[in-house]
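Examining the three-dimensional arrangement
Here is how the chains run, residue by residue.
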Amino acid sequence: MENEFELIAKTFMGLEPVLAKELAQLGANNVKIGRRMVSFTGNKEMMYRANFSLHTAIKILKPIAHFKAQSADDVYEEIKKIDWTEYLDNDRTFAVDSVVFSEEFRHSKFVSYKVKDAIVDQFREKTGSRPNISVANPDLRLHIHIADVATGKSECTLCLDSSGESLHRRGYRQESVEAPLNEVLAAGMILMTGWNGETDFIDPMCGSGTLLIEAALIARNMAPGLFRKEYAFEKWPDFDADLFDQIYNDDSKEREFKHHIYGYDVDIKAVNTARLNVKAAGLTADITVEEQDFKNFTQPKEKSILVCNPPYGERISTPDLLGTYRMIGERLKHQFLNNDAWILSYREECFEQIGLKPSIKIPVYNGSLECEFRKYQIFDGKLKDFRSEGGVVKTDDEKRQMAEKHRFKKNREFKQRLDEQEENENSDIRSFTFHRHEIDSRDSRKPRSPRNSRDSRDRDSRDARKSRDFRDNKNRGGHERFDRSGGKRNKRFNNDDE
């Protein structure tokens, strides 16, 4: 058995317990929750699976050095002690990403420069030449995290970034609406509800369709990495292509989805955008998107769950924001009986307009906004009668969570630290990049065409699943992919959606 090593999964504030549960289900060991991260241990296969399969991780980091430092010179010397020939040579490129919470180290870019200088100087002294920096597409991505542990002393962790581009960039998004919901947050919200595809799913304000697509992936237990073009670990010297092909080709845990997902939006542009993204994900058999105002929403015929991210009055608003929330409450009370609804929002005055008592309130950060994700159990008649008939308003787990002290305060205190260090990260997850100086032009590239729905792909042709580099087949409108073993383009699956 290959030796296990330390790994770190980064996520957004509020999603740590969901990510920890995902890791435990994946088979990770020593899972421990931290701030916006979950640490665990695993081997190379686990690292590959974590990147490929986790719905709520934005990065998978592999620590290679821990040390304390009192100054930038200390960081330089510690980095220089590492034998960088294990990871780099003069013909390969690298980039350094830093996150700093320290009185001594106030500027993350300066820390990045010191790490870069130490690596470059080591190569110059040994070989007379040096590897180059490539912000856009490096062969090796490094991440250093520095945080104060005592006055004048900081704890430093240097990691290899095994993911590369943030994992929220699944690869299926063709177009967006204004302020789209981040894919990782959307998946986290759905997993918080406990829904796994056992009922219909509804988003009455679906925007570009992120909640719909993430719900379908969860319902079918499909890995979000299926649509992704590449991972940083694929450029590492010890990359095991056969192992990753085996992981990618394994669909044994995917499952049938017997219900349906419905998305609605009053904006026809959003509807068309959502349909385009659903089609790109090959999920039109599972998802229906229609133009409809929430005020015209009617009781669904089947048992359903509703998850919604209405406007907050920040980046997106409406002429009558509070009236919108009153309308939401009215629709739920009269047209969503005997079902559960989950609403993500920012302002307390908006929640008050809904006029319903939530079963649970979960603190979640949508970028820099301190939001709440609230569950509403909609039942007909009086609460007393509902309970007398065996209805449960709050589960034992929901009671336990609501009884936790300071569950919002501790996040606000940490949020203040983030605001003070805003220069370290672009923390708005609605337009998320892991580090400001890594922004590049890759978003303009054509996304790789994802696989089609489960029913439309050829389950018997395993040869068509040997590579992960999807290519657009413009002439036929289908999805093709490059077979790295033989250099041939093979049909990944049939494109019945076309």
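See above for the structure.
Thresholds, definitions, all that
Residues numbered from 1 in each chain as written. Predicted model: local features only at pLDDT ≥ 70, side-chain atom pairs only at ≥ 80, totals over all residues. Heavy atoms only, no water. Helix = DSSP H or I, 4+ residues; strand = E, 2+ residues; numbered from the N terminus. Buried < 20%, exposed > 50% of the residue type's maximum accessible area, 1.4 Å probe, protein only. Contact = heavy atoms within 4.5 Å. Areas by Shrake-Rupley, 256 points an atom, 1.4 Å probe, with all protein chains shown as cover. Pairing = 2+ DSSP bridges. Core = buried A, V, L, I, M, F, W, Y, C linked by side-chain atoms within 4.5 Å. Salt bridge = Lys/Arg side-chain N within 4 Å of Asp/Glu carboxyl O.

So, the overall build of the chain
Scanning the chain from N- to C-terminus turns up 13 helices and 18 strands. For the chain, the residues scored as buried account for 56% of the 498 residues in total. Within the chain, counting contacts between residues at least 6 apart in sequence, those at least 24 apart form 75% of the total. About 22300 Å² of surface is accessible on the chain, with carbon and sulfur atoms providing 44% of the total.

Points about the pairing of strand β14 (residues 360-366)
For β14, a buried count of six out of seven residues is recorded, marking the element as mostly surrounded by other parts of the structure. By the bridge criterion, seven bridges tie β14 to strand β15 (residues 369-378) in an arrangement that is antiparallel. By the bridge assignment, Tyr-365 is partnered in β15 with Glu-370. Where β14 hands over to β15, the hairpin turn is made up of two residues, of which Gly-367 adopts a positive phi near 65 degrees.

Topic: the nonpolar core
Most often, soluble globular proteins keep nonpolar side chains buried together rather than apart. Within the largest apolar cluster, 122 residues are counted, with the highest numbers of intra-cluster contacts made by Ile-60, Val-75 and Leu-306. Here the element with the most residues in this core is helix α6 (residues 210-220); it accounts for eight residues.

Considering the pattern of salt bridges
In total, this model carries 21 salt bridges according to the counting rule given. Salt-bridge contacts for Lys-126 lead to Asp-83; the nearest nitrogen and oxygen are separated by 3.6 Å. With a gap of 43 residues between them, Lys-126 in helix α4 (residues 108-127) and Asp-83 in the loop between α3 (72-81) and β5 (93-101) connect regions that are remote in the sequence. Across the pair Glu-349 and Arg-347 runs a salt bridge, and its minimum N-O distance is 3.7 Å. According to the relative accessible area criterion, Glu-349 is partly exposed, its value standing at 36%. Its relative accessible area of 24% is what places Arg-347 among the partly exposed residues. Beyond isolated ion pairs, a larger network of salt bridges with shared partners links Glu-348, Glu-372 and Arg-374.

Quick word on the environment of Arg-49
Of note, Arg-49 is situated in helix α2 (residues 44-53). Expressed as a C-alpha distance, the spacing of Arg-49 and Phe-244, which sit 195 residues apart in the sequence, is 8.3 Å. Setting aside its immediate chain neighbours within four residues, Arg-49 contacts Leu-26, Leu-54, Ile-247 and Asp-250.

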